[in-house]
Amino acid sequence: SVAGSINLYSAFDGKTWHTALANSKDGRQWRNEGIVLSPDPRTWEGDYIAANGSLIAHGKEFWYWYQAAGRGEHRIGLARSADGRRWRKEPAPVLERGPLGAWDERAVADPYVIPIDPYFYLYYLGQDRAARQRLGVARSTDGIHWEKLRANPILELGGDSAFDEAGIGEPAVWQSHGFYWMLY
């Protein structure tokens, strides 16, 4: 498995959003390593890579699912690294927006991945044409090819006057005491 602790975070240079790296041996003292992922404006990423992605150690690599937004179209990509500094990106998004009229037709973003053998489960924000943001889930055996579950969206907006009536996002999911828990 991969040694050490890393933290990926968003960095804005006044024009473009990037992903930067901080490194720690003990989880308390962090060293800034600088920008490690930048969007390629010639690709689907456009000029935006946000670090509100999902990082896991898988085998001898870090796998990082991130959102990028070329032409304002938020989609989810995957990058892999052996050391957290040099990354290899998949050439195309690994999760696309849904079809016309779908609950996620305008955007997919805020990926959060958990491995549950034999699958990876990707929890994500989907946005419809009315700009309503809800949460869905997809599964994959390889982390690249995803199947959106038919039960989507799995979490709807709250009712009138609820804290989440205007939209939800940024899911974080884990397993504990026989249950799956989600913060959003």
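A quick note: this is a predicted structure, and the numbers were derived from the prediction, not measured.

Cut-off values and rules
- Each residue is numbered by its place in its chain's sequence as written, counting from 1.
- Under the rules for a predicted model, residues below a pLDDT of 70 receive no local features and side-chain atom pairs below 80 are neither given nor counted, while totals for whole chains, interfaces and linings still include all residues.
- No hydrogens and no water enter the side-chain calculation; it runs on all heavy atoms of the structure.
- Runs of E in the DSSP output that reach at least two residues are strands. Runs of H or I that reach at least four are helices, and both are numbered from the N terminus.
- For every residue, the accessible area (1.4 Å probe, protein chains only) is compared with the maximum for its type, and the residue is labelled buried under 20%, exposed over 50%, or partly exposed between those bounds.
- Only heavy atoms enter the contact rule, under which two residues are in contact if any of them lie within 4.5 Å.
- A 1.4 Å probe and the Shrake-Rupley method give the accessible areas. Residues count as covered only by the protein chains that appear here.
- Only four residue types enter the tally: Lys and Arg on the positive side, Asp and Glu on the negative side; His and the chain ends are excluded.
- Where a charge sits is defined by one atom per residue type, namely NZ (Lys), CZ (Arg), CG (Asp) or CD (Glu).
- Take a side-chain nitrogen of Lys or Arg and a carboxyl oxygen of Asp or Glu: if they are within 4 Å of each other, that pair is a salt bridge.
- Note on pairing: two strands pair once DSSP finds at least 2 bridges between them.
- Nonpolar cores were defined as sets of buried Ala, Val, Leu, Ile, Met, Phe, Trp, Tyr and Cys residues, with membership established by side-chain atoms within 4.5 Å.

**Looking at the overall build of the chain**
Turning to step 1, where the next piece is worked out: In terms of regular secondary structure, the chain is built from zero helices and 13 strands.
Turning to step 2, where the next piece is worked out: Helices and strands in the chain line up, N terminus first, as β-β-β-β-β-β-β-β-β-β-β-β-β.
Turning to step 3, where the next piece is worked out: If one aligns the C-alpha atoms of the chain with their principal axes, the spans along those axes are about 45 × 45 × 35 Å.
Turning to step 4, where the next piece is worked out: Evaluated residue by residue, the chain yields a buried proportion of 46% over its 184 residues.
Turning to step 5, where the next piece is worked out: A fraction of 38% describes how many contacts in the chain between residues 6 or more apart in sequence connect residues 24 or more apart.
Turning to step 6, where the next piece is worked out: Total accessible area on the chain is roughly 10,100 Å²; 50% of this is exposed by carbon and sulfur atoms.
Turning to step 7, where the next piece is worked out: Side chains of the chain give 21 positive and 23 negative charges; the mean places of these two sets differ by 5 Å.

**So, the pattern of salt bridges**
Turning to step 1, where the next piece is worked out: What the rule picks out here adds up to 15 salt bridges.
Turning to step 2, where the next piece is worked out: Taking the shortest distance from any N to any O, the salt bridge between D128 and R134 comes out at 2.9 Å.
Turning to step 3, where the next piece is worked out: Measuring nitrogen to oxygen at the nearest pair gives 3.3 Å for the salt bridge that ties E147 to R139.
Turning to step 4, where the next piece is worked out: When its relative accessible area of 44% is taken as the criterion, E147 is described as partly exposed.
Turning to step 5, where the next piece is worked out: According to the relative accessible area criterion, R139 is partly exposed, its value standing at 26%.
Turning to step 6, where the next piece is worked out: One salt-bridge network, in which partners are shared between bridges, spans D128, R132, R134 and E156.

**With respect to the pairing of strand β6 (residues 73-81)**
Where a strand is regular, its side chains alternate between the two sheet faces.
Turning to step 1, where the next piece is worked out: Along β6, seven of the nine residues are buried, which leaves the element largely enclosed by surrounding structure.
Turning to step 2, where the next piece is worked out: As paired strands, strand β5 (residues 61-70) and β6 are joined by nine bridges and run antiparallel to one another. Following the sheet pairing, F62 is matched in β6 by S81.
Turning to step 3, where the next piece is worked out: Joining the antiparallel neighbours β5 and β6 is a turn of two residues, in which R71 adopts a positive phi near 55°.
Turning to step 4, where the next piece is worked out: One ladder, built from two bridges, connects β6 with strand β7 (residues 88-89); its direction is antiparallel. Residue A79 lies in a different strand from β7, and its bridge partner there is K89.
Turning to step 5, where the next piece is worked out: Hairpin connection of β6 to β7: six residues between the antiparallel strands, including G84 at a positive phi of 85°.

**Details of the pairing of strand β2 (residues 17-24)**
Turning to step 1, where the next piece is worked out: Of all eight residues making up β2, seven are buried, and the element is well covered by its neighbours.
Turning to step 2, where the next piece is worked out: The pairing of strand β1 (residues 5-12) with β2 spans eight bridges and is classified as antiparallel. Within β2, the position partnered with S5 by the bridge is S24.
Turning to step 3, where the next piece is worked out: Hairpin connection between β1 and β2: a loop of four residues separates the two successive antiparallel strands, and G14 in this loop has a positive phi of roughly 100°.

**Here's the deal with the side chain of D104**
Turning to step 1, where the next piece is worked out: Position of D104 relative to the elements: it lies in the loop between β7 and β8 (107-116).
Turning to step 2, where the next piece is worked out: For D104, a relative accessible area of 2% gives the class buried.

**Side note on the nonpolar core**
Turning to step 1, where the next piece is worked out: With 16 residues, the main nonpolar core has W65, I76, L95, L122, Y124 and W146 as its most contacted residues.
Turning to step 2, where the next piece is worked out: Ranked by residue count, the leading element in this core is strand β9 (residues 119-127), at three residues.
Turning to step 3, where the next piece is worked out: Membership of the second largest hydrophobic core comes to 13 residues, among which are V36, I49, Y66 and A68.

**Points about the sheet that holds strand β11 (residues 147-148)**
Each strand in a sheet pairs with another by means of backbone hydrogen bonds, the pair being arranged parallel or else antiparallel.
Turning to step 1, where the next piece is worked out: Taken together, the four strands give an open sheet; going across it, the order is β8-β9-β10-β11, and neighbouring strands pair in antiparallel fashion. Each edge of the sheet is formed by a strand with only one pairing partner; in this case those strands are β8 and β11.
Turning to step 2, where the next piece is worked out: Where β9 meets strand β10 (residues 133-140), eight bridges bridge the pair, whose relative direction is antiparallel. Among the inter-strand pairings, Q127 is bridged to a residue of β10, identified as Q133.

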